[in-house]
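What follows is each chain in one-letter form.
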Number of protein chains: 2
Amino acid sequence: MTSITRGFATIQQRDLVNQIADMLTEALLKGDFAPGVHLAEAQLARDFGVSRAPVREAARLLESRGMLVSQPRRGFFVRTFNDAELDDVYDLRLCLERHAIRLLAGKLTPDMEAALSDQLESMRRVARDGTGVQQIEEDVAFHRMLCEFSGNQRLVRVFDELCHEMRFCILLIGQLYDDPVRVADTHEPIIEALRTRDPDACEAALDYHIGIAQQRVVEMFRERETS
Amino acid sequence: MTSITRGFATIQQRDLVNQIADMLTEALLKGDFAPGVHLAEAQLARDFGVSRAPVREAARLLESRGMLVSQPRRGFFVRTFNDAELDDVYDLRLCLERHAIRLLAGKLTPDMEAALSDQLESMRRVARDGTGVQQIEEDVAFHRMLCEFSGNQRLVRVFDELCHEMRFCILLIGQLYDDPVRVADTHEPIIEALRTRDPDACEAALDYHIGIAQQRVVEMFRERETS
DNA sequence: CGACTGTCGAGTGTCGACAGTTTGAGAATT
DNA sequence: AATTCTCAAACTGTCGACACTCGACAGTCG
């Protein structure tokens, strides 16, 4: 458990694996590695100034999150997406959130409602003067809250996994929101529907919202792919 | 990377990690390790006659499947379940399969219908003269087929993860089906509903079926827990 | 000219070792 | 007797090294 200084970052005590995983994730989301490219363990280990063991474990972690894939005896590669896979991810996300919001509709407390409103407010704030990454994070946080408040922790875990993949796709596309304020506003109807406590109304509001998001992402993804 | 033994038969091309993971899985499902118990890497490595490295990786794999949990600097422990977690798993499973069967209702082909019927037949066969484990596997295979035929591969992946956890719970309970033939028969209405191609009818049939299964598992789990 | 074979470098799979941490039992103290 | 302290054993995190495999390239033979 040595402390290593290399370049900018000072890696210390806390589990190397998680730190490496975080750094790799960041690098992937920044687009430092092209999709499909091979990640050599030894090279990464040199870059991070550590041995191959923690790099391997970090890579396995990212593999379980669907950001890397591995082939026996060949190592790790940056995950690639195609249209169908992206569709699957959004379809599954819709499935989860629908279920979550229906559960939530039956148990919404004033606290939850307030938390969601607060989150919407944060979203509007960064929509005005935040970075693209911040906007996405606030957006994700709102939807994650829906899942959390549903009460099903297992569902939240799957949602988180999907989020990793969605972020990956989205930042692979580049700029997403041309009008972030308007995007933030489209979350308002969801909160309103929840206030009615009517599961069907909630589902409809959610469907509409996610439908737009999906359409936009898939469309931009296709454009990028054919270029 | 060892042993190319025994003529042509066993070329151990597959790496140690997967083999160890399989063996560990089997041991866990056989109940060789009590829930919550600590798994020492070095001990396992000695037992398997390998070094700690592949054992660690296998353990990480099982962790990502939800069968083990890890604590920093303390190692791996056999996953424990409580009522709430079991409820969450079944709730999520229902959510996935509902979605899958609705998708499937709109695209069912004769081939798919035949495959499902065949699977039901297998289920009935092992219900008469198969082991408990076989019965569970055939049952799972039927439901997995529903997910596969939905066309969403990502959904299948999550379903598989959930299955690992359900198997774990079920075999932790012990005997599950008191009348396996009757259990197999309860899948018939699902196929019939699919034939009508009506999503609502399909969902209803599925809800009924899974509801019974869940009720039974949860009930037995609670009994066992209080004993 | 094309197909096959041998060789070489790069990279993964696995191992044994070391260092720091956690745990639990027993000694020491209140 | 209960509690705290001490310390050694057991264990995890990390490292560097070696063996084996895969793919590329060049040379050989038809």
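Treat the numbers as computed from the prediction; the structure is a model and nothing was measured.

### A word on the relation of the copies chain B and chain A
Here two copies of a chain appear, and what relates them is a rotation about an axis with a shift along it. Between the two copies, chain B and chain A, the superposition gives an RMSD of 0.1 Å; the rotation angle is 180 degrees and the shift along the axis is 0.0 Å. Between the two chains, the operation in question is that of a two-fold axis. Both copies contact each other with a shared surface, as 100% of the interface residues of chain B are interface residues in chain A too.

### Examining the protein's contact with DNA strand D
Near DNA strand D, the surroundings consist of 23 residues, among which A:Leu16, A:Ser51, B:His38, B:Arg52 and B:Arg56 are the closest. Here DNA strand D approaches the protein such that, of its atoms within 4 Å, sugar and phosphate make up 71%. With respect to DNA strand D, the side chain of B:Arg56 contributes an N or O atom lying 2.7 Å from a phosphate oxygen. Every element with two or more residues in the surface near DNA strand D is listed here: helix H1 (16–30) and helix H3 (52–64) of chain A together with strand E3 (38–39), helix H2 (41–48) and helix H3 (52–64) of chain B. No other element matches H3(A), which puts three residues into the surface near DNA strand D. When grouped by side-chain class, the residues that make up the surface near DNA strand D number ten nonpolar, four polar and nine charged.

### What about the pattern of salt bridges?
Tallied over the entire structure, the rule returns 48 salt bridges over all chains. Across the pair B:Arg98 and B:Glu203 runs a salt bridge whose closest N-O atoms are separated by 3.6 Å. Placement of B:Arg98 in helix H4 (residues 83–105) and of B:Glu203 in helix H10 (residues 199–226) is noted, with a sequence separation of 105 residues between them. The salt bridge involving B:Glu148 is made with B:Arg144; its shortest N-O contact spans 2.5 Å. Of the two residues, B:Glu148 and B:Arg144 are both situated in helix H6 (residues 132–150); the distance of four residues between them amounts to about one turn of the helix. One salt-bridge network, in which partners are shared between bridges, spans A:Glu41, A:Arg52, A:Arg56, A:Arg60, A:Glu63 and B:Glu57.

### Some details on the protein's contact with DNA strand C
Residues in close proximity to DNA strand C total 20 residues, the closest being A:Arg52, A:Arg56, B:Leu16, B:Ser51 and B:Arg74. In the model, a phosphate oxygen of DNA strand C is placed 3.1 Å from a nitrogen or oxygen of the A:His38 side chain. Taking A:Glu41, its main chain carries an N or O atom lying 3.3 Å from a phosphate oxygen of DNA strand C. Looking at the surface near DNA strand C, the elements with two or more residues in it are strand E3 (38–39) and H3 of chain A together with helix H1 (16–30) and H3 of chain B. It is H3(B) that provides the largest number of residues to the surface near DNA strand C, a total of three residues. Residues that form the surface near DNA strand C fall into these classes: eight nonpolar, three polar and nine charged.

### Regarding the sheet that holds E3(A)
Residues and elements named next belong to chain A. A sheet is described by the order of its strands in space; here three strands give the open sequence E3-E5-E4, paired in antiparallel fashion. Edge positions in the sheet fall to E3 and strand E4 (68–71), since each has one partner strand and no second. Against the sheet, H3 engages E4 and strand E5 (75–78), with an angle of about 115 degrees to E4.

### Section: the sheet that holds strand E5 (residues 75–78) of chain B
Residue and element names in this part refer to chain B. If you trace the three strands from one edge of the open sheet to the other, you get E3-E5-E4, paired in antiparallel fashion. Two strands bound the open sheet, and with one partner strand each, they are E3 and strand E4 (68–71). With four bridges connecting them, E4 and E5 associate as antiparallel partners. Of the residues in E5, the one forming a bridge with Ser-70 is Phe-76. Sheet contacts for H3: E4 and E5; angle to E4, the most-contacted strand, approximately 115 degrees.

### Looking at the domain arrangement of chain A
Residues and elements named next belong to chain A. The domains assigned to chain A are domain 1 (4–78) and domain 2 (83–226). On a C-alpha basis, the centres of domain 1 and domain 2 stand 28 Å from each other. Counting residues at the interface gives seven residues for domain 1, matched by seven residues for domain 2. Approximately 680 Å² of surface area, both sides summed, lies buried where domain 1 meets domain 2, with 75% of it carried by carbon and sulfur atoms. The tally of links between domain 1 and domain 2 comes to zero salt bridges.

Criteria and thresholds
Residues numbered from 1 in each chain as written. Chains lettered and ligands numbered in written order. Predicted model: local features only at pLDDT ≥ 70, side-chain atom pairs only at ≥ 80, totals over all residues. Heavy atoms only, no water. Least-squares fit on C-alpha atoms with pLDDT ≥ 70 in both. Contact = heavy atoms within 4.5 Å. Near = heavy atom within 4 Å. Polar contact = N/O pair within 3.5 Å; in protein donor to acceptor, adjacent residues only side chain to side chain. Helix = DSSP H or I, 4+ residues; strand = E, 2+ residues; numbered from the N terminus. Nonpolar A, V, L, I, M, F, W, Y, C, P; charged D, E, K, R; others polar. Salt bridge = Lys/Arg side-chain N within 4 Å of Asp/Glu carboxyl O. Pairing = 2+ DSSP bridges. Axes fitted to C-alpha atoms, helices over the stretch in contact; angles between N-to-C directions. Domains from an automatic or database assignment. Buried area = accessible area lost by both parts, 1.4 Å probe.

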